[in-house]
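In case you want the letters, here they are:
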Amino acid sequence: MSKKISPMSKARIYALSIAVVLVLGGVASYAFIASKSTDNQLAQTANRSQSKTNDAYASIPSGDIQRSTTDADILWNVQDPYYGYNKDPIVALVHVDSIDGGRIYSPISEQYVFPQTIGKMTVREVYKGDLKSGEQVSYSRPGGTVTSDEYWDSLNKQQQDKMLHLNNGKKPTEKKYVQDKFTDDIDIEAAKDYVVFLMPQSSKDAKHHEYLIDGLQYGLREARGSGAEMTVLNNDTKKWESLSSIVKLN
Amino acid sequence: MASRVSRLVLAFFSIVVLCLAPVSRAFAITPTFGHKYQNGVGNVTAWLNYGSGVGYWSTYITGGANNWMYPGWSNPIYINFVSSNYGSTMDFHQNNDAYWGGGMTILAETKMFNSSGGQISPTSANWAYAEIHINNDTFRLPSFTNAQAQGTVIHEMGHAFGLAHDQGNPYSIMCQTGAGRIVQSVQKVDNDAILTLY
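Residues numbered from 1 in each chain as written. Chains lettered and ligands numbered in written order. Predicted model: local features only at pLDDT ≥ 70, side-chain atom pairs only at ≥ 80, totals over all residues.

Chemist: Help me understand the overall build of chain A, please; the structure alone is not making it clear to me.
Modeler: The helix and strand tally for chain A stands at four helices and 11 strands. Put simply, chain A has 250 residues, and 31% of those count as buried. In chain A, once contacts between residues fewer than 6 apart in sequence are set aside, the share between residues at least 24 apart is 69%. (Helix = DSSP H or I, 4+ residues; strand = E, 2+ residues; numbered from the N terminus. Buried ≥ 20, exposed ≤ 12 C-beta atoms within 10 Å, placed from the backbone. Contact = placed C-beta atoms within 7 Å.)

Okay, here's the thing in structure tokens:
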């Protein structure tokens, strides 16, 4: 009772099968790409939200900040690519976990300081010095946002007297917060990887231990990739350069 | 004969032009913030916060003032030292290195303030007065020369007048020490920048 299939029908079946395979393959590929793209979007969104969640500055309304910049002459040698590597005791690749805010009184030196940004970072790789991969440590960096009251408290008596004199005995209170950073310097960002030049610092009572990110923009280089493929951002030229351009690799 | 002379003259001028081309490039005017002292520089009143210890560096400060007033080219700058900071427009303070975080990286800094004492950004507004802060610890480094200390004070005073960094020209006082500044006194490019501002 078997029914004989004609050569014409066979050809149709083959063609149909190939079409089904192609359609299924296409759908599967699309689903794979779409899921990958969704994964990427989710990862990017997660990074963005992580960077916002872990950035204490993000909660300060922009209109509440008196923005100012300070011009400095710095002791760095940009002509020597390894100046920072040779100068600072620790050089590492780190992931900035958080920006915990600004401060103008340092528990390390126990004195008022130029506004600093502080936070946590996780060490990814150590190129020089005494730090361990995977360790989470505290960092500080010149340039930060503090309340106007804290800023006022940090001024010496002569500075305060002058401002009171200029304002008929009142404190200048233009905005709730004051941001002070060095001209041309970059801002540290949460959820990013950087190659950093570090100075370990401890308070006299050893209760506080942290790492100063040294060298302003020369000591904070955003990093991309990993291993031999890693590149670091030159904040002056805005070009990505090889890690070996600033780190002596064995 | 006449054509030979004119050819020689032409060749001579071509050589002169070619020689001057790179020189003129190096002599580009120093950049400015685009803003300046709101009352000009004809009567800058400088005050030293002796309580901070900055008096130790007074030789460099008076030397810097003289260099800006008499750089070798005319300009409208006149600096007068005063004993009270109530009306002064250029205040000098001293800090230790811990003030800047303790990295021994900062030599000195300049901040600008409006007429009510609010700190401003010199790229966005004119200022009533400026503060120059000297890092006592980096200034005392054995490797930091007297000439560099003098140059740094002049550099900071240049900021107070409205000059920005010129990292591409080591022959400008406004090139940073860290960017390889070679000169330690006011240059014509710096004086020309003052003339564009005031």
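Chemist: Explain the overall build of chain B to me, please; I cannot follow it from the model alone.
Modeler: In terms of regular secondary structure, chain B is built from five helices and six strands. Of the regular secondary structure in chain B, the N- to C-terminal order runs α-β-α-β-β-β-β-β-α-α-α. Considering only intrachain contacts with a sequence separation of at least 6, the fraction spanning at least 24 residues in chain B is 71%.

Chemist: Honestly, the confidence of the model for chain B in this entry has me stumped. Any pointers?
Modeler: Parts of the model with low pLDDT should not have their predicted coordinates read in detail. The predicted model of chain B averages 92 in pLDDT, with 87% of residues at 70 or higher. Both scores are available for the predicted complex, with the pTM at 0.84 and the ipTM at 0.86. (pLDDT = per-residue confidence, 0-100.)

Chemist: Looking at this structure, how should I read the interface of chain A and chain B?
Modeler: How big an interface is tends to be reported as the loss of accessible area on association of its parts. Contact with chain A, which involves 39 residues of that partner, is made by 38 residues of chain B. Among the elements that take part in the side of chain A that touches chain B, strand 1 (residues 65-74) of chain A stands out by supplying nine residues, more than any other. Of the residues assigned to the side of chain A that touches chain B, the class counts are 15 nonpolar, 16 polar and eight charged. Relative to strand 4 (residues 106-113) of chain B, strand 1 of chain A runs antiparallel, the two sharing four bridges. What sits directly across from Asp73(A), in strand 4 of chain B, is Ala108(B). (Nonpolar A, V, L, I, M, F, W, Y, C, P; charged D, E, K, R; others polar. Pairing = 2+ DSSP bridges.)

Chemist: For this particular structure, what's the right way to read the confidence of the model for chain A?
Modeler: On average, residues of chain A score 87 in pLDDT, and 79% of them reach the 70 mark or higher. pLDDT under 50 marks residues 29-38 of chain A. Its contacts with residues more than four places away, or in other chains, come to zero contacts.

Chemist: Before we go on, may I ask you to explain the packing of helix 2 (residues 58-69) of chain B against helix 4 (residues 146-161) of chain B in this structure?
Modeler: Relative orientation and spacing of two packed helices are given, respectively, by the angle between their axes and the distance between those axes. Residue and element names in this part refer to chain B. Contact pair helix 2 / helix 4: the axes reach a minimum separation of 9 Å and the direction vectors enclose 55°. On the basis of the axis angle, helix 2 is oblique to helix 4. You can see that helix 2 and helix 4 cross each other, and the crossing is right-handed. Of helix 4, the residues touching helix 2 (which contributes Tyr60, Ile61, Gly63, Gly64, Asn67 and Trp68) are Ala149, Gln150, Val153, Ile154 and Met157. Split by residue class, the contact of helix 2 with helix 4 holds seven nonpolar, four polar and no charged. (Axes fitted to C-alpha atoms, helices over the stretch in contact; angles between N-to-C directions. Parallel < 35°, antiparallel > 145°, perpendicular 65-115°, else oblique. Left-handed = near helix turned anticlockwise from the far one by under 90°.)

Chemist: Even after reading the chapter, I still don't get the pairing of strand 4 of chain B, so can you show me in this structure?
Modeler: Within a regular beta strand, the side chains point alternately toward one face of the sheet and then the other, so they alternate between its two faces. All names here are of chain B. A large share of strand 4 lies buried, amounting to eight of its eight residues. Across six bridges, strand 4 lies against strand 6 (residues 129-135) in antiparallel orientation. Across the sheet, residue Ala108 finds its bridge partner in strand 6, namely Ile134. As defined by bridge partners, strand 4 adjoins strand 5 (residues 119-120) across two bridges and the pair is classed as antiparallel. Looking at the pairing, Met112 lines up with Ile120 of strand 5. Counting the residues that bridge the hairpin from strand 4 to strand 5 gives five residues, and of these Gly117 lies at a positive phi of roughly 90°.

Chemist: For this particular structure, what's the right way to read the pairing of strand 8 (residues 209-213) of chain A?
Modeler: Residues and elements named next belong to chain A. Across the five residues that make up strand 8, a large majority, four, are buried. With two bridges connecting them, strand 4 (residues 136-142) and strand 8 associate as parallel partners. The partner of Ser140 across the bridge, within strand 8, is Leu212. Across five bridges, the pairing between strand 7 (residues 193-202) and strand 8 is antiparallel. Bridge pairing in strand 8 places Pro200 opposite Tyr211. Once strand 7 ends, the chain turns through six residues before running back antiparallel as strand 8, passing Ala206 with a positive phi of about 65°.

Chemist: Where do I start with unusual backbone geometry in this structure?
Modeler: Most peptide bonds take the trans configuration, and most residues that are not glycine carry a negative phi. Residues and elements named next belong to chain A. The phi torsion at Asp184 lies on the positive side, around 75°, for a residue other than glycine. A residue is classified by how many C-beta atoms lie within 10 Å of it, and Asp184, with 16 of them, is partly exposed. At Ala191, a position not held by glycine, the phi torsion is positive, near 70°. Checked against the element boundaries, Ala191 lands in the loop between strand 6 (177-182) and strand 7. Under the C-beta neighbour-count criterion, Ala191 is labelled partly exposed, with 19 such atoms within 10 Å.

Chemist: I tried to follow helix 2 of chain B on my own but got confused; where do I start?
Modeler: Since one α-helical turn is 3.6 residues long, residues separated by three or four positions face the same way. Residue and element names in this part refer to chain B. An ideal rise of 1.5 Å per residue puts 16 Å on 12 residues; helix 2 measures up with 16 Å between its terminal C-alpha atoms. Buried residues of helix 2: Tyr60, Ile61, Gly64, Ala65, Asn67 and Trp68, and no others. Buried positions in helix 2, seen along its axis, are confined to an arc of 165° and lie on one side of it. Considering only its buried residues, helix 2 is in contact with strand 1 (44-48), strand 2 (79-81), strand 3 (90-95) and helix 4. (Expected span 1.5 Å × (residues − 1). Arc of directions from axis to C-beta.)

Chemist: Teacher, can you tell me more about helix 5 (residues 188-197) of chain B here?
Modeler: All names here are of chain B. Among all positions of helix 5, only Val189, Asp190, Ala193 and Ile194 are buried. Along helix 5, the residues classed as buried sweep out an arc of 145° about the axis, all on the same side. Close packing links the buried residues of helix 5 with helix 4.

Chemist: Where do I start with the environment of Phe139(B) in this structure?
Modeler: All names here are of chain B. Assignment of secondary structure puts Phe139 in helix 3 (residues 136-139). C-beta crowding within 10 Å serves as the criterion here: with 20 such atoms nearby, Phe139 is assigned to the buried category. Separated by 24 residues in sequence, Phe139 and Ser115 have C-alpha atoms that sit 31 Å apart.

Chemist: When you look at the environment of Lys175(A) in this model, what are you seeing that I'm missing?
Modeler: Residue and element names in this part refer to chain A. Topologically, Lys175 is positioned in the loop between helix 4 (157-166) and strand 6. The spatial distance from the C-alpha of Lys175 to the C-alpha of Gly63 is 8.0 Å, given a sequence separation of 112 residues. Ignoring sequence-local partners within four residues, the contact set of Lys175 consists of Asp64, Ile65, Gln66 and Ser148.

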